[in-house]
Amino acid sequence: MPPLRVFTLPRQQSLLLPAVINPFVQDTKLSKAAIIKCVLLGIFLVPIRAVLVSLVLMVTWPVAFIITFNHPVKGAEPMTGWRRIMCRRVMAVLGRAYYFCMGFRVVIKGRQVDSSEAPILAVAPHSTFFDGIVCIVAGLPSTVSRVENLATPIFGRFVRCLQPVLVSRKDPDSRKNTIQEIESRAKSLGHWPQVLIFPEGTCTNRSCLITFKQGAFIPGVPVQPVVMRYPNKLDTVSWTWQGFSSKTLLLLTLSQLYTTVEIEFLPTHIPTEEEKKCPPLFASRVRDKMAQALGVPVTDHTYEDCRLMISAGELTLPMEAGLVEFTKISRKLNLKWDNVKKELEGFASMATSCKGGRINIEEFSSFLKLPVSPALEELFALFDRNGDGTIDFREYVIGVTILCRPANTEDVLRMAFKLFDTDEDERITREEFTALLRSALGVSNINMAKLFKEIDADGSGFISFNEFQSFAMSHPEYAKLFTTYLELQRYQAIQEANPGELELSGQMSDIQEESTSDKKDD
């Protein structure tokens with residue numbers, strides 16, 4: 001028996017797993033002692049704090065109404081005179097009273113600069129609805145807010161006091177208009193208040209800093225980074241996509257003796273000329289500075305990963321199965337969100353019956369309607385990037401994009417078609433189809449009727465090249481499977497002709513694999 005082909009699979013380091021697999025899960029475990037403590041304290045603290053908060057809101061709403069009365073929602077000019085004084089002083093005091101009544105103890109580090117030095121404040125990590133406290137501490141700067149928030153009872157008036165940059169989901173030009181408005185305010189030379197932005201764009205569990213959106217960095221003006229910490233023994237504030245509901249978090253927080261929040265103003269980051277021309281670079285360097293101050297890693301997750309998590313849940317997969325570090329995957333593999341969503345649906349058809357949303361080689365072969373064979377084992381190994389014997393969705397989408405789709409060229413498909421079409425009549429009969437698969441897979445008793453019927457779209461009893469190509473384009477794993485089979489055949493032929501060149505051949509195959517199949521420029 002000839003020795004098995006053995007080679008290593010080179011992996012691009014930048015496509016390996018991130019330092020934090022899932023930054024969108026809140027996994028606080030409440031012990032019995034913690035639950036008892038929360039209940040006992042909550043019996044007394046929750047009613048008292050609820051009354052105090054209500055009293056503060058009863059005073060704050062009329063003040064907010066007076067400040068915003070007869071002032072345009074989308075004002076072309078910032079508030080001035082008495083409105084601005086009341087907003088910056090009276091509303092700021094009431095805001096501090098609001099959080100104090102909820103039991104928050106605020107620790108401020110560093111020094112906030114004024115809008116002439118840094119027109120934009122970039123705050124991270126964003127992990128909870130309580131993060132609004134940073135607006136109070138920063139003197140009620142402008143924020144970016146959805147238009148719908150203005151219609152919220154009571155709190156809508158508070159939002160209007162901030163004169164936010166409004167985002168509308170219904171307006172197709174909203175993103176462009178938002179960036180223009182941020183840039184206009186940032187370059188107003190202190191005419192407008194500072195603009196405060198949470199560049200992550202969604203809530204995380206503070207275990208890392210995810211991708212920063214570019215809105216705060218496109219103007220190319222100095223930015224003051226602001227980091228937030230909640231150094232409490234029990235995490236009752238993190239509001240993520242998986243974890244406690246907002247009501248549960250509010251109740252748990254009100255049941256604590258106090259909740260500490262640290263707000264640190266870091267030195268202003270003045271962009272270089274290179275950073276002004278490249279907002280992603282500017283955002284990345286500010287994020288690195290903030291991550292270093294926090295002592296946490298950075299990852300390339302983004303809000304689109306959250307959307308994929310929801311889609312994974314709808315497809316009966318574990319929600320975390322949808323996490324792929326979308327920013328990195330989309331940039332390196334040139335994929336749009338819709339493309340990744342489509343791949344997720346394809347993966348779900350394989351993995352819905354698997355525990356943990358991972359598939360092994362048996363399930364992989366079952367989905368392809370093919371038995372386990374050397375060629376299939378090699379294909380599976382190419383997908384299985386970490387070598388744990390299973391494929392998760394992240395490995396699947398990388399494998400399909402890097403390995404399989406490049407194999408779906410017309411030349412490759414023509415060659416594969418000719419392998420089947422032994423009598424060269426431009427069509428594949430069921431006998432030709434079955435005969436080659438038996439030879440390629442080394443199995444003599446396989447029933448390929450179901451697979452043949454799936455490829456034979458018009459039910460004519462034979463497969464044309466158009467049908468063959470159409471099936472291969474929607475099932476790219478098969479194209480790579482046949483190129484892998486051809487490589488094995490070529491390898492065995494070289495081995496039989498020149499046994500001494502076995503090791504060299506394997507090494508050359510590795511080099512070719514790295515350069516053409518699993519390598520993308522950073």
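Everything quoted here is computed from the prediction, not taken from an experiment.

Draft legend 1. Region of interest: the nonpolar core. Grouped together as the largest cluster of nonpolar side chains are 42 residues, with contacts concentrated most on L317, V324, F347, F364, F393, Y396 and F433. In terms of residue count, helix 11 (residues 337–351) provides more of this core than any other element does, seven residues in total. The residues contacting F364, other than those within four sequence positions of it, are M350, I359, L376, L379, F380, F383 and I391. One finds V56, Y99, L196 and F265 within the second-largest nonpolar core, a separate group that totals 38 residues.

Draft legend 2. Focus on the sheet that holds strand 2 (residues 120–124). The sheet built from seven strands is open, its strands ordered 1-7-6-2-5-3-4 with mixed pairing. Edge positions in the sheet fall to strand 1 (104–110) and strand 4 (165–167), since each has one partner strand and no second. When the angles between neighbouring strand axes are averaged without regard to direction, this sheet yields 25°. Two elements, strand 3 (residues 142–146) and strand 4, share three bridges in a ladder whose sense is parallel. From the neighbouring strand, V144 faces strand 4, where its bridge partner is V165. Relative to the sheet, helix 5 (residues 174–186) contacts strand 2, strand 3, strand 4 and strand 5 (195–197), its axis offset from that of strand 4 by approximately 175°. Helix 8 (residues 279–294) contacts strand 2 and strand 6 (223–229) of the sheet and is inclined by roughly 35° relative to strand 6.

Draft legend 3. Just the packing of aromatic side chains, in detail. Here the structure, examined in full by the defined rule, presents twelve aromatic pairs. The rings of Y98, Y99, F104, F129, F130, F155, F158 and W239 are connected pair by pair, giving a single aromatic cluster. The ring of W192 is capped by R185, whose NZ or CZ atom sits 3.9 Å from the centre of that ring. Residue placement shows R427 over the ring face of F462; its charged tip is 4.4 Å from the ring centre.

Draft legend 4. Quick peek at the pattern of salt bridges. One pass over the structure, following the stated rule, counts eleven salt bridges. Ionic pairing is found between K276 and E273, a salt bridge with its closest N-O pair at 3.5 Å. With K276 and E273 both in helix 7 (residues 273–277), this residue pair falls three residues apart, about one helical turn. Residue classification places E273 among the exposed positions, given a relative accessible area of 52%.

Draft legend 5. Highlighting helix 1 (residues 32–68). The principal kink in helix 1, of about 50°, is found at G42. One or two steps after helix 1, the chain reaches N70, where phi turns positive at roughly 60°.

Conventions used here
Residues numbered from 1 in each chain as written. Predicted model: local features only at pLDDT ≥ 70, side-chain atom pairs only at ≥ 80, totals over all residues. Heavy atoms only, no water. Core = buried A, V, L, I, M, F, W, Y, C linked by side-chain atoms within 4.5 Å. Buried < 20%, exposed > 50% of the residue type's maximum accessible area, 1.4 Å probe, protein only. Helix = DSSP H or I, 4+ residues; strand = E, 2+ residues; numbered from the N terminus. Contact = heavy atoms within 4.5 Å. Pairing = 2+ DSSP bridges. Axes fitted to C-alpha atoms, helices over the stretch in contact; angles between N-to-C directions. Phe/Tyr/Trp six-rings, centres within 6.5 Å; stacked < 30°, edge-to-face > 60°. Lys NZ or Arg CZ within 6 Å of the ring centre and 35° of its normal. Salt bridge = Lys/Arg side-chain N within 4 Å of Asp/Glu carboxyl O. Bend = angle between axes of the 7 residues up to and from the residue.

Structural measurements only, silent on function.
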